[in-house]
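Listed below, chain by chain, are the residues.
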Amino acid sequence: MKRAKNSPDFGVFLATVLLLSIGIIMVFSSSAATSYVRNSGDAFFYVKRQSMWAIIGLLAMFSIMKIDIYRIRKYTGLALVGGIFLLILVIIPGVGTSVKGSTRWLGIGTLSFQPSEVMKLIMVLFMAKSLSMYQDRIKYFVQGLAPHLAVLGITCLLILMQPDLGTAVAIAGTTFILFVAAGAKIIHLGGLGALGVAVVSAAIYLEPYRMKRFTAFIDPWADPSGSGFQIIQSLYALGSGGLAGVGLTNSKQKYLYLPEQHTDFIYAIIGEELGFMGTAIVIALFFLFVWRGLRIAVTAPDSYTSLVAVGITSMIALQAIINIGVVTGSMPVTGITLPFISFGGSSLVFTLIGVGLLLNISRYCKTR
């Protein structure tokens, strides 16, 4: 790769640091009560862990930012095989760790991580490498799209077996955007979109708990103390916040009313404590991140780095859209966290590694 001519993109860096800072503050505010009850009076348990993972993630981000990205490209195939192996390993009885009916973790205690989080990043790198190498074939379904769809299908199937529909949808959505960026035909994309809707619909219909979530999305008040409870409590939190919020640390919903208040539904606590203004700032920071990320993609030195930038930006944007959609009652409940903000070690670390790759590419971008 050519010698870097630019400083890392300040917009991406600024949005990342501000979202990460908001996340640490809100993890403490939303989790203090729950942490005190669950961890023998230690109200700081979750924020201490989140801060530790944030430091590890930032160190990884700065390290990745300085590595020649083409060295990473050489090992993409090996990484894909390793990622698929981890996904297989996690669903083997007795190997993966189960939490609330889902087996998504490998490891022990605080050293556990989610292979699906690793796979998100690996899939972006693999698809970017393959699509850039065979870009002349992408307009043909059998020669171009079919091999990539096979890899995507295997990956998503293994993730669905955990089960984790939300992550599978996020990976499939990111890959679809990469197909668009690589120049796939509209007729093929339309067919893939219809197939994706059919597969997701079948996955929801065939699993009773997913069907309950879907019916709760349509009418949460049909079962207010059961499947609709979480979304109702989330809407209570958002509605209570008004324009400016009830004040930092003053949420009522976090006192064991709203489940997953420091993970999947932390955006609702932001809305309650910081109001519409707080939630709007979070959305504005994600817009800043996406704008600068896509600008990096447009000015990247070649198709490979351009597709990596598109993939990472899309991956983070899709997760944010899905999470905010769920919290506001605009989408059925999934297990997707809010990037940079929700509590979660492996998710945060690998998201920051992705940002490191994006900043890496920005150092070589052409001047517009």
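Residues numbered from 1 in each chain as written. Predicted model: local features only at pLDDT ≥ 70, side-chain atom pairs only at ≥ 80, totals over all residues. Heavy atoms only, no water.

We now examine the side chain of T337. Relative to the helices and strands, T337 is located in the loop between α12 (303-327) and α13 (345-362). A residue is classified by how much of its surface remains accessible, and T337, at 17% relative accessible area, is buried. Among residues more than four places away in sequence, those in contact with T337 are D264, Q319, N323, S342 and S347. (Helix = DSSP H or I, 4+ residues; strand = E, 2+ residues; numbered from the N terminus. Buried < 20%, exposed > 50% of the residue type's maximum accessible area, 1.4 Å probe, protein only. Contact = heavy atoms within 4.5 Å.)

With that settled, the discussion passes to the environment of I25. Along the chain, the position of I25 falls in helix α1 (residues 10-38). Sequence-wise, I25 and S51 are 26 residues apart; in three dimensions their C-alpha atoms are separated by 9.8 Å.

Where α12 contacts α13, the axes come no closer than 10 Å and their chain directions differ by 145°. Two packed elements cross with a definite hand, and for α12 against α13 that hand is left-handed. Each of T305, V308, A309, I312, T313 and I316 in α12 lies in contact with α13, whose residues at this interface are T351, G354, V355, L357, L358 and I361. (Axes fitted to C-alpha atoms, helices over the stretch in contact; angles between N-to-C directions. Left-handed = near helix turned anticlockwise from the far one by under 90°.)

With respect to the element layout, Q261 can be found in the loop between α10 (229-241) and α11 (266-299). The exposure class of Q261 is buried, given its relative accessible area of 3%. For Q261, the side chain forms a polar contact with the side chain of T34, separated by 2.4 Å. (Polar contact = N/O pair within 3.5 Å; in protein donor to acceptor, adjacent residues only side chain to side chain.)

Tallied over the entire structure, the rule returns nine aromatic pairs. For the ring pair W221 and Y236, a centre distance of 6.2 Å and an interplane angle of 70° mean the geometry is edge-to-face. Note that W221 is positioned in the loop between α9 (208-218) and α10 and Y236 in helix α10, a separation of 15 residues in sequence. A residue is classified by how much of its surface remains accessible, and W221, at 52% relative accessible area, is exposed. Here Y236 falls in the partly exposed class, since its relative accessible area comes to 41%. Put simply, the rings of F45, Y46 and F343 pair up and form one aromatic cluster. Seen from the ring of Y304, R73 lies directly overhead, with NZ or CZ sitting 4.7 Å from the centre. (Phe/Tyr/Trp six-rings, centres within 6.5 Å; stacked < 30°, edge-to-face > 60°. Lys NZ or Arg CZ within 6 Å of the ring centre and 35° of its normal.)

Here we take up a nonpolar patch on the surface. Side chains of F10, L14 and L18 sit close together on the surface and give an oily, nonpolar patch of about 280 Å² of accessible area. Of note, L14 is situated in helix α1. (Patch = residues over 30% accessible without salt bridge, like charges linked within 9 Å, V, L, I, M, F, W, Y side chains within 5 Å. Areas by Shrake-Rupley, 256 points an atom, 1.4 Å probe, with all protein chains shown as cover. Salt bridge = Lys/Arg side-chain N within 4 Å of Asp/Glu carboxyl O.)

Purely geometric numbers; function is a separate question.
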